[in-house]
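# Inside the fold
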Amino acid sequence: VLGGSGKALTLPACRLVEVEGVKTVKIGGLAVFKRDRLLGFLSQEDAKNYLFITNKMKNAVLPVRASTGNSIASLEIYSNKTSVQPVANGGAVEVAVRTETVVVLDELDTTQDYIDNAGKGKNEMTALAERQLSERLAGTVKTVQEQFGVDIFGFGAALHRSDPAAWRQVSGMWDDIFKTMKVSVSSQIHIRNTSALDSPV
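Here the structure is a predicted model, which means the values were calculated and not measured.

### So, unusual backbone geometry
Located in the positive-phi region is Arg-35, a residue other than glycine, with phi close to 55 degrees. Inspection of the secondary structure assignment puts Arg-35 in the loop between strand 2 (22-34) and strand 3 (37-42). Overall, the relative accessible area of 58% leaves Arg-35 in the exposed class. A positive phi angle, near 60 degrees, is found at Asn-55, a position not held by glycine. Along the polypeptide, Asn-55 turns up in the loop between helix 1 (44-53) and strand 4 (61-65).

### Quick word on the pairing of strand 1 (residues 10-19)
Of the pairings in the sheet, the one linking strand 1 to strand 2 comprises nine bridges and is antiparallel in character. Directly across from Val-19, in strand 2, lies its bridge partner Val-22.

### Regarding the packing of aromatic side chains
Across all of its chains, the model carries five aromatic pairs by this definition. Considering the side-chain rings of Tyr-50 and Phe-153, the 6.2 Å spacing of their centres and the 40 degrees angle between planes classify their relative orientation as tilted. Residue Tyr-50 is located in helix 1, and its partner Phe-153 is located in the loop between helix 2 (120-147) and helix 3 (155-162); the two are separated by 103 residues in the primary sequence. Considered together, Tyr-50 and Phe-153 belong to a single accessibility category, that of buried residues. On the basis of an interplanar angle of 45 degrees and a centroid distance of 6.4 Å, the ring pair of Phe-155 and Phe-178 is categorised as tilted.

### A few points about the nonpolar core
Within soluble globular proteins, side chains that are nonpolar tend to cluster in buried spots. Residues Ile-152, Phe-153, Phe-155, Trp-174 and Met-181 are the most contacted members of the largest nonpolar core, which totals 45 residues. When residues of this core are assigned to their parent elements, the largest contribution, seven residues, is made by helix 2. Excluding residues within four positions of it along the chain, Phe-153 makes contact with Lys-7, Tyr-50, Ile-53, Thr-54, Thr-140, Val-141, Val-144 and Phe-178.

### Quick notes on the side chain of Thr-54
Within the fold, Thr-54 resides in the loop between helix 1 and strand 4. The residues contacting Thr-54, other than those within four sequence positions of it, are Ile-152 and Phe-153.

### Describing the pairing of strand 6 (residues 92-108)
Direction of pairing for strand 5 (residues 71-89) relative to strand 6: antiparallel, over a ladder of 16 bridges. Looking at strand 6, one finds that Thr-82 is bridged to Thr-99. Turn length for the strand 5-strand 6 hairpin, with the two strands adjacent in sequence and antiparallel, is two residues, and the turn residue Gly-90 shows positive phi of about 70 degrees.

### Looking at the pattern of salt bridges
Taken as a whole and assessed by the stated rule, the structure comprises four salt bridges. Where Lys-34 meets Asp-175, a salt bridge forms, and the shortest distance between an N and an O atom there is 3.5 Å. With Lys-34 in strand 2 and Asp-175 in helix 5 (residues 174-180), this pair connects stretches of sequence that are 141 residues apart. Relative accessible area serves as the criterion here: at 23%, Asp-175 is assigned to the partly exposed category.

### Describing the packing of helix 1 against helix 2
At a minimum axis separation of 9 Å, helix 1 and helix 2 run at an interaxial angle of 105 degrees. Regarding the angle of helix 1 to helix 2, the classification is roughly perpendicular. In contact with Glu-45, Asp-46, Asn-49, Phe-52 and Ile-53 of helix 1, helix 2 contributes Leu-133, Arg-136, Leu-137, Thr-140, Val-141 and Thr-143. Split by residue class, the contact of helix 1 with helix 2 holds five nonpolar, three polar and three charged.

### Quick look at the confidence of the model for the protein chain
Looking at the protein chain as a whole, its pLDDT mean stands at 87, while 89% of the residues score no less than 70. Here residues 195-201 is a poorly scored stretch, pLDDT under 50, and it has 11 contacts once near neighbours within four places are set aside; other chains count.

### With respect to the sheet that holds strand 1
On the basis of which strands lie adjacent, the open sheet formed by three strands has the order 1-2-3 and antiparallel pairing. For this open sheet the edge positions go to strand 1 and strand 3, each flanked by a neighbour on one side alone. With strand direction ignored, the average angle separating the axes of adjacent strands in the sheet is 45 degrees. Of the strands in this sheet, strand 1, strand 2 and strand 3 touch helix 1, which is tilted by about 55 degrees from strand 2.

What counts as what
- Residues numbered from 1 in each chain as written.
- Predicted model: local features only at pLDDT ≥ 70, side-chain atom pairs only at ≥ 80, totals over all residues.
- Heavy atoms only, no water.
- Helix = DSSP H or I, 4+ residues; strand = E, 2+ residues; numbered from the N terminus.
- Buried < 20%, exposed > 50% of the residue type's maximum accessible area, 1.4 Å probe, protein only.
- Pairing = 2+ DSSP bridges.
- Phe/Tyr/Trp six-rings, centres within 6.5 Å; stacked < 30°, edge-to-face > 60°.
- Core = buried A, V, L, I, M, F, W, Y, C linked by side-chain atoms within 4.5 Å.
- Contact = heavy atoms within 4.5 Å.
- Salt bridge = Lys/Arg side-chain N within 4 Å of Asp/Glu carboxyl O.
- Axes fitted to C-alpha atoms, helices over the stretch in contact; angles between N-to-C directions.
- Parallel < 35°, antiparallel > 145°, perpendicular 65-115°, else oblique.
- Nonpolar A, V, L, I, M, F, W, Y, C, P; charged D, E, K, R; others polar.
- pLDDT = per-residue confidence, 0-100.

Laid out in structure tokens, this is it:
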């Protein structure tokens, strides 16, 4: 059986690209399966969000944008921890996803002071980053729910671990439940110094 109980299979997506006349394989995005059938592909950005949600994110850069859409900063991820908490009430299931990420300031593309630890600039940067990350992760969940309708995040597996009796009640109709279930995302970000330092303190 491909995948597992409460989690559909994903694999890294590969494609042929030509660089200076030479064809090579480039990995980017995710292939999404339902059992042994390929449903389609997730973009590279959605694949990064998938790693966040499934607690596999290690090294990446978080872009932060102003309300105008202009980039104002890049935050390098130092560590991340994601927790998934499913709650079943009869046939209804809700999932709360929480991320806690430590980052360092990699690039600053604005003249506004965002690096004064004692000032409001850092708090504004943190709030922007938290909101934008939460929105991106929630957007990826919604994309998977609407376009593929299979649980690649392991929400069902988390329910199976935390409440086996509830999982037995809903497992037979999990794909249908997953498509419309409420998933809330909250992100907490800690900005530690700059990437010029060996490690955040």
